[in-house]
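Coordinate analysis (summary)
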Amino acid sequence: MTHPFLDLPPLTAQRFAAIEDRVARLLDTRQDVLITQGEALLPLEGAIRAAAGPGTVALNVITGPYGQTFGNWLRDAGATVYDISVPFHTAVRAEQISAALAEHPEIDFVSLVHAEAATGNTNPVAEIGEVVRRHGALFYLDAVASVGAEPVLPDAWGVDLCVIGAQKAMGGPAGVSAISVSERAWARMAANPNAPRRSYLSLLDWKERWLDAGRTALPHAPAQLEMLALDACLERIEADGLETVMARHRGAARATRAGALALGGGLEPYVHEAADAAPVATTLRVPSSMAASELVAHALAADPALPLAAGGGALAKEMIRVNHYGPDATPEAVDACLAALGAALAEQGAAVRPDDARRAAEQAWR
């Protein structure tokens with residue numbers, strides 16, 4: 001018995017390198033690109049532990065739960081960490097970064113999440129990157145949720161460590177991820193005696209055994225199915241055009257926001273300003289008399305395939321996430337989510353206007 005997922009020829013080093021080159025084109029970068037064999041938390045943690053240590057002074061920006069995680073990793077690595085926290089319904093401003101760097105000129109590492117799918121906000125990386133570049137700090141960026149939904153340009157923005165994953169806006173697999181690394185980031189890692197070595201977290205191991213060796217022999221067996229899925233995902237984005245893919249996500253975000261406002265029933269955008277809202281997912285605040293998790297459960301009971309989720313942790317009571325990314329960045333998915341949420345709100349006795357929501361969403365797509 002043969003199976004198309006199982007009876008495959010081995011993935012060659014040449015094919016692996018070609019997929020990395022495709023990722024580099026997606027990011028429009030001349031930096032080294034590594035495809036790491038695991039979900040994006042692998043290079044996110046590996047990069048911090050490689051580039052930060054007891055002598056590092058870091059500015060860590062918290063606009064959602066991942067920013068909190070990065071601060072913990074930096075402290076675990078021995079870094080001195082200054083946090084900037086902003087309310088999760090907004091975005092950090094370049095002026096805030098500039099003020100923090102002026103107050104602490106010894107800062108040499110800045111960590112930031114581009115888009116927080118968990119809270120629905122996005123940060124102005126281009127402006128922040130300019131500030132960080134002038135200061136001279138190493139710039140670390142989590143672009144896992146943003147890539148494919150909005151521009152991600154490590155070279156143009158001065159990002160030294162840029163991590164992406166394919167499972168959200170790119171519409172690809174979750175089991176592999178990628179990181180672009182600048183020359184000065186490699187130098188920082190090489191000078192760090194605490195950087196992971198002989199470890200699955202080690203980016204330096206990959207550099208020495210793969211990049212420096214000419215990408216001719218893979219250090220270990222690759223995650224073949226995930227690599228092929230990533231290649232297919234990149235091929236589809238190239239065929240559609242990256243701008244077309246990003247436009248679908250922008251349209252889905254506009255439509256969801258407009259439709260939720262028109263629906264009524266007490267729903268309102270969680271991120272106050274549309275300019276701060278991420279194209280990858282829209283978060284909605286529910287009335288204080290209701291629980292977001294219960295509304296989502298009612299909506300999913302009618303259609304379990306809807307891209308709806310309640311907020312995580314403490315946000316489960318107040319926030320709903322409409323995950324209109326990848327294959328769900330469509331008018332049909334947005335309309336179905338709005339209709340299901342309207343029905344769930346009506347069950348709770350709220351007055352809703354589903355026809356108004358549908359019309360507002362349709363107009364927002366134009």
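Whatever comes next refers back to the structure up there.
Residues numbered from 1 in each chain as written. Predicted model: local features only at pLDDT ≥ 70, side-chain atom pairs only at ≥ 80, totals over all residues. Heavy atoms only, no water.

1. What about the pattern of salt bridges?
Put simply, the rule is: Salt bridges are counted wherever a side-chain nitrogen of Lys or Arg sits within 4 Å of a carboxyl oxygen of Asp or Glu. Only runs of H or I of at least four residues qualify as helices and only runs of E of at least two qualify as strands under DSSP, and these elements are numbered from the N terminus. Only protein chains enter the accessibility calculation, which uses a 1.4 Å probe. A residue is then buried if its area is under 20% of the maximum for its type, exposed if over 50%, and partly exposed in between.
Under the definition given, this model contains 22 salt bridges. Across the salt bridge formed by Arg 49 and Asp 76, the nearest N and O atoms sit 3.7 Å from each other. Taken together, the residues Arg 49 in helix 2 (residues 41-51) and Asp 76 in helix 3 (residues 65-76) connect sequence positions 27 residues apart. The exposure class of Asp 76 is exposed, given its relative accessible area of 56%. The partner of Arg 75 in a salt bridge is Asp 83, and the shortest N-O contact between them spans 2.7 Å. Since its relative accessible area comes to 38%, Arg 75 is described here as partly exposed.

2. Quick look at the packing of aromatic side chains
What counts, and what does not: Here the aromatic set is Phe, Tyr and Trp, taking the six-membered ring for Trp, and pairing holds for ring centres within 6.5 Å; pairs whose planes are under 30 degrees apart are stacked, those over 60 apart are edge-to-face, and all others are tilted. Counted as over-ring charges are cases with an Arg CZ or a Lys NZ within 6 Å of the ring centre that also lie within 35 degrees of the ring normal.
Following the criterion strictly, the structure yields six aromatic pairs and no others. Here Phe 16 and Trp 210 contribute two aromatic rings whose centre-to-centre distance is 5.4 Å and whose plane-to-plane angle is 80°, an arrangement assigned as edge-to-face. Linking Phe 16 in helix 1 (residues 13-27) with Trp 210 in helix 8 (residues 203-211), this pair joins segments that are 194 residues apart in sequence. Each member of the pair, Phe 16 together with Trp 210, is buried. Taken together, a centroid distance of 6.4 Å and an interplanar angle of 85° make the contact between Trp 206 and Trp 210 edge-to-face. Here Trp 206 and its partner Trp 210 are both found in helix 8, four residues apart, which amounts to about one turn of the helix. On the basis of relative accessible area, Trp 206 is assigned to the buried category, the value being 9%. Take Trp 210: its relative accessible area is 0%, and that puts it in the buried class. Members of the aromatic cluster, joined through ring pairs, are Phe 70, Trp 73, Phe 109 and Tyr 140. The ring of Trp 186 has Lys 207 lying over it, and the distance from NZ or CZ to the ring centre is 5.6 Å.

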